[in-house]
Amino acid sequence: MAKLEAKLGMIVDSVGQFFSGKDHLPYCDSDIVAGCEKEVLEAEKLSSDEYMQDSLLRLTWALVHSKHPQDVHRGIAMLEASLPSTKDPLQQREKLYLLAVGYFRNGDYSRSRDLVDRCLTIAPDWRQAVTLKKAIEDKITKDGVIGLGIAATAVGLIAGGIAAAVSRRK
């Protein structure tokens, strides 16, 4: 009996997670973004290029993980501008991943999936990217199921309306 209850509980939790739409990506608040922006301004005063690049990467991380869409857009723009000049494969991997997170946050799941796939070609076993890919696929599946549900409801309503109209004519 206890095993049945445990399995039933897992099923209910799974269905609840499916419809809640929660992903497991962290969010940043405005204070963290502001702190990263301040760090970039301080890095500009110093002449260390490596420190500046690290500061910019932290800022873009904070922006694409922000709860504010305008921050996410800004992070995407910064990453897209810097990606073509990035030669180091590890930095490319990081930037591709962060771009994928940004597009995921914006709801562009197909673009996000393409970017995370590119990231996984550089580092196939990178757990963060694998986890993000699963979250993307779950979102796409959920959106498809909801879309099918809406379409089925619309068809049902139309069929019901037609049936009601036919029955009134008789």
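Criteria and thresholds
Residues numbered from 1 in each chain as written. Predicted model: local features only at pLDDT ≥ 70, side-chain atom pairs only at ≥ 80, totals over all residues. Heavy atoms only, no water. Salt bridge = Lys/Arg side-chain N within 4 Å of Asp/Glu carboxyl O. Helix = DSSP H or I, 4+ residues; strand = E, 2+ residues; numbered from the N terminus. Buried < 20%, exposed > 50% of the residue type's maximum accessible area, 1.4 Å probe, protein only. Contact = heavy atoms within 4.5 Å. Axes fitted to C-alpha atoms, helices over the stretch in contact; angles between N-to-C directions. Parallel < 35°, antiparallel > 145°, perpendicular 65-115°, else oblique. Left-handed = near helix turned anticlockwise from the far one by under 90°. Nonpolar A, V, L, I, M, F, W, Y, C, P; charged D, E, K, R; others polar.

**With respect to the pattern of salt bridges**
Within the structure shown, the criterion is met by six salt bridges. Two residues, Glu37 and Arg74, come together in a salt bridge whose shortest N-O distance is 2.5 Å. Of this pair, Glu37 sits in helix α2 (residues 30-45) while Arg74 sits in helix α4 (residues 69-82), and the two are 37 residues apart along the sequence. A salt bridge links Arg93 to Glu94; the shortest N-O distance between them is 3.3 Å. On the basis of relative accessible area, Arg93 is assigned to the buried category, the value being 16%. Accessibility expressed as a relative area gives 24% for Glu94, which makes it partly exposed.

**Regarding the environment of Val72**
Along the polypeptide, Val72 turns up in helix α4. When its relative accessible area of 2% is taken as the criterion, Val72 is described as buried. Put simply, Val72 and Tyr103 are 31 residues apart on the chain and 8.3 Å apart in space, counted from C-alpha to C-alpha. Excluding residues that lie within four positions of it along the chain, Val72 makes contacts with Leu63, Val64, Ser66, Gly102, Arg105 and Asn106.

**Looking at the packing of α4 against helix α5 (residues 89-106)**
The interhelical angle for the contact between α4 and α5, taken along N-to-C directions, is 150 degrees, at an axis separation of 9 Å. Overall, the two elements α4 and α5 adopt an arrangement that is roughly antiparallel. The element α4 and its partner α5 pack so that their crossing is left-handed. For the pair formed by α4 and α5, the contact residues are Val72, His73, Ile76, Leu79, Glu80 and Ser82 on the first element and Lys95, Leu98, Leu99, Gly102, Tyr103, Arg105 and Asn106 on the second. Grouping the amino acids of the contact of α4 with α5 by side-chain chemistry returns six nonpolar, four polar and three charged.

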